[in-house]
Amino acid sequence: MIKTMTIALAIAAIAAPTVAAPVRIETPWLRETPPAARTGAGYALIRNAGTSEDRLLDARSAVAERVEVHSMTMDGGIMRMRPVTGGLAIPAGGAVALRSGGYHLMLTGLKRPLRRGDVVEIRLRFARAGELPVRFRVEPIDFRFEGGRHGQ
């Protein structure tokens, strides 16, 4: 009886299709902060391999009181950063870059400095994909990601 159940479970496991997560986070990194900084910024490339749009709704991390999705625009030579209301759309089959000068994660109320080489977990919450824990590496203040399509 136990042998039959074990074989049945093994067959079911082999026969079950492997489903890849439709939302994938690539090149996640945070900018190093000075010792007294109360805010930090996070960047990544978010890919949606699904057939439906998803939305990055919010995020949280133990290193900050709040983590918000922000947009940065220039208005008459003045930089304006604003929270994205309603979530950031990630198109089906597409990607959105969180990068300096555009959409990014804003960590406010930092509980400690972000030091080069540290790895910080941020939990990103999507409308469809749910909550995804992502490990962000802290890079130097002058770091610029140069590979892939991240900087586009």
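Residues numbered from 1 in each chain as written. Predicted model: local features only at pLDDT ≥ 70, side-chain atom pairs only at ≥ 80, totals over all residues. Heavy atoms only, no water.

Draft legend 1. Structural view of the pairing of strand β1 (residues 23-31). Sheet topology note: the β1/strand β2 (residues 39-48) ladder contains six bridges and is antiparallel. Following the sheet pairing, L30 is matched in β2 by G42. Here three bridges tie β1 to strand β10 (residues 130-139), and the two strands are oriented parallel to one another. Along β10, the bridge assignment pairs R31 with E139. (Pairing = 2+ DSSP bridges. Helix = DSSP H or I, 4+ residues; strand = E, 2+ residues; numbered from the N terminus.)

Draft legend 2. The nonpolar core, seen in detail. Membership of the largest hydrophobic core comes to 26 residues, with the highest contact counts inside it found for L105, L107, I122 and L124. Element by element, the count of residues in this core is highest for strand β9 (residues 119-126), at four residues. Each residue touching L124, except ones within four places of it in the same chain, is listed here: I25, L56, D58, A59, L105, G130, E131, L132 and V134. (Core = buried A, V, L, I, M, F, W, Y, C linked by side-chain atoms within 4.5 Å. Buried < 20%, exposed > 50% of the residue type's maximum accessible area, 1.4 Å probe, protein only. Contact = heavy atoms within 4.5 Å.)

Draft legend 3. Up close: a nonpolar patch on the surface. A cluster of nonpolar side chains, M74, M79 and M81, forms an exposed patch at the surface whose accessible area comes to about 310 Å². Summarising the element assignment, M81 is placed in strand β5 (residues 78-83). Given a relative accessible area of 35%, M81 falls into the partly exposed group. (Patch = residues over 30% accessible without salt bridge, like charges linked within 9 Å, V, L, I, M, F, W, Y side chains within 5 Å. Areas by Shrake-Rupley, 256 points an atom, 1.4 Å probe, with all protein chains shown as cover. Salt bridge = Lys/Arg side-chain N within 4 Å of Asp/Glu carboxyl O.)

Draft legend 4. Quick look at the layout of surface pockets. Taken as a whole, the largest pocket holds about 160 Å³ of empty space. Looking at the largest pocket, the residues that line it are A41, Y43, M72, M79, M81, S100, G101, H104 and M106. Classifying every residue of the lining of the largest pocket gives six nonpolar, three polar and no charged. (1 Å grid on protein atoms, 1.4 Å probe; cavity = no way out; pocket = protein on both sides within 12 Å on 5 of 7 lines; lining within 4 Å. Points joined across faces, edges and corners; volume = space filled by probe spheres on them. Nonpolar A, V, L, I, M, F, W, Y, C, P; charged D, E, K, R; others polar.)

Draft legend 5. Inspection of the confidence of the model for the protein at higher detail. Per-residue confidence for the protein averages 85 on the pLDDT scale, and 82% of its residues sit at or above 70. Overall, residues 4-19 carries pLDDT values under 50, and its contacts beyond four positions in sequence, including any with other chains, amount to zero contacts. A low-confidence stretch, residues 147-152 (pLDDT under 50), is modelled with 13 contacts involving residues beyond four sequence positions or located in other chains. (pLDDT = per-residue confidence, 0-100.)

Draft legend 6. View of the side chain of H104. Within the secondary structure, H104 is located in strand β8 (residues 104-110). Within the structure, the side chain of H104 is placed 2.9 Å from the backbone oxygen of G102, a separation counted as a polar contact. (Polar contact = N/O pair within 3.5 Å; in protein donor to acceptor, adjacent residues only side chain to side chain.)

Draft legend 7. Representation of unusual backbone geometry within the structure. Residue T27 is not a glycine yet carries a positive backbone phi of 45°. Mapping T27 onto the fold places it in strand β1.

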